[in-house]
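Residues per chain are reported as follows:
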Amino acid sequence: MPKQKYKVLITEPVGGEAGARMEKALREAGCEIALGRPFTDAATVYSEDELKAMAREMDALLVSSRELFTRAVMMAAPRLVTIAKLGIGVERIDVRAATELGILVSNTPIPENYLAVAEYAVAFMLAMAKQLKPGDRQGRAGRWRSIVGTFMRGKTVGMVGLGRIGSRVATLLTPFEVRLLAFDPYVKPERAAEAGVELVSLERLMAESDFVSLHAVVTPENRNLIGARELALMKPSAYLINTARGALVDEAALAAALNRGQLAGAALDVFEPEPPAPESPLLAEPLAERTLITPHVAGMSPELIAKMPMVQTENCIRALRGERPEFVANPDVMARWRRRDRTAR
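Residues numbered from 1 in each chain as written. Predicted model: local features only at pLDDT ≥ 70, side-chain atom pairs only at ≥ 80, totals over all residues. Heavy atoms only, no water.

### Comments concerning helix H5 (residues 111-129)
With 19 residues, H5 should cover 27 Å at 1.5 Å per step; its first-to-last C-alpha distance of 27 Å lies within 8% of that length. Among the residues of H5, those classed as buried are Asn113, Tyr114, Ala116, Val117, Ala118, Ala121, Val122, Phe124, Met125, Ala127, Met128 and Ala129. The positive-phi residue at the C-terminal boundary of H5 is Gln131, with phi of around 55 degrees. (Helix = DSSP H or I, 4+ residues; strand = E, 2+ residues; numbered from the N terminus. Expected span 1.5 Å × (residues − 1). Buried < 20%, exposed > 50% of the residue type's maximum accessible area, 1.4 Å probe, protein only.)

As structure tokens, then:
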């Protein structure tokens, strides 16, 4: 019997050896591969109409963090069995619609990702505490002035979200002798206490923390969780750290708060949208000394680059075969999922 053929779209091709291994595994599983275009700037992010056209005849989509998969896109793809996401967050996929349509959504929450993000968040804190960016700018300009940083010891770090990344941040900060607070309505006080963390309200966390570090997933309920009201609670000497998702922060409110001196600075690896528009107030030169901005790379490492595309690929192949992927974002689908007839064209 000939091997079953599946049509698979990789929206953002993976380069190098990892990409070659990914494509080889898909072909060996009987997949015909269609490749999207590499993303280089905001102009190349696919529109909804483009995604509808690209997905129309596909059995599976292997996607990145940049595309927005709406109900309309899924409805335009009657053959679609699975969406395999590269990375942890699935907020740009309408998971509720996928579940209703019987489309399995998977992601890749592997340890190499959350460990790297946790280290990056701590690096951001140290960079802001020690004023590394202003020091670098002055040193390059030949201005040999004293840059006054601060100790981490004795400071209060507030984490919004105490999942895998937040918990790892707490562990990494232990030697610095900091006080740890967290806001997370889904975590029990006993578990927080085991990590040396005190659970508090968001308002108290914002008011008492010297560093506010975001580690929450985005949901419809917590978009712009950190807005003008929350920022106004922060100490003028405090810093906001965001390695989670840009949609957690009202970016206009953050820029205004920084300009008013309501907080000392912000270190941001994520934005909404990405990349941020050139006219974003957070990119304006007056804030350059008080902001540290990187292009959504907190989770990247050689180990991650080698492993994550293969986990994504295996998730996709398992779903196409009617098997449970290692990581499922909408497990309710599994209870009623049935393999579809994919032989008819």
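### Notes on the pattern of salt bridges
On inspection of all chains with the given rule, the structure shows 21 salt bridges. Close ionic contact of Lys7 with Glu57 constitutes a salt bridge, the shortest N to O distance being 3.1 Å. Taken together, the positions of Lys7 in strand E1 (residues 6-10) and Glu57 in the loop between helix H2 (48-55) and strand E3 (60-63) put the pair 50 residues apart, joining distant regions of the chain. Accessibility expressed as a relative area gives 22% for Lys7, which makes it partly exposed. Looking at Glu57, the relative accessible area reads 48%, which means it is partly exposed. Of the charged contacts in the structure, one is a salt bridge between Glu91 and Arg245, with a shortest N-O distance of 2.4 Å. Linking Glu91 in the loop between strand E4 (82-85) and helix H4 (95-100) with Arg245 in the loop between strand E10 (239-242) and helix H11 (251-260), this pair joins segments that are 154 residues apart in sequence. (Salt bridge = Lys/Arg side-chain N within 4 Å of Asp/Glu carboxyl O.)

### A few points about the layout of surface pockets
Approximately 260 Å³ is the volume found for the second largest pocket. As for the second largest pocket, its lining consists of 15 residues, and the residues nearest its centre are Arg66, Arg92, Glu272, Pro273 and Glu274. Classifying every residue of the lining of the second largest pocket gives 7 nonpolar, 2 polar and 6 charged. (1 Å grid on protein atoms, 1.4 Å probe; cavity = no way out; pocket = protein on both sides within 12 Å on 5 of 7 lines; lining within 4 Å. Points joined across faces, edges and corners; volume = space filled by probe spheres on them. Nonpolar A, V, L, I, M, F, W, Y, C, P; charged D, E, K, R; others polar.)

### So, the packing of aromatic side chains
One pair of aromatic rings is described through two measures. These are the centre distance and the angle between the planes. This structure, assessed with the given rule, holds 2 aromatic pairs. Judged by centre distance (5.0 Å) and plane angle (75 degrees), the ring pair of Tyr120 and Phe124 falls under edge-to-face. Taken together, the residues span about one helical turn, with Tyr120 and Phe124 both in helix H5 at a distance of 4 residues. Judged by its relative accessible area of 3%, Phe124 falls in the buried class. (Phe/Tyr/Trp six-rings, centres within 6.5 Å; stacked < 30°, edge-to-face > 60°.)

### Comments concerning the state of the cysteines
Counting across every chain of the model gives 0 disulfides. Just so you know, Cys31 is unpaired, no disulfide at all, and the nearest cysteine sulfur is the one on Cys316, 5.8 Å from it. (Disulfide = S-S within 2.5 Å.)

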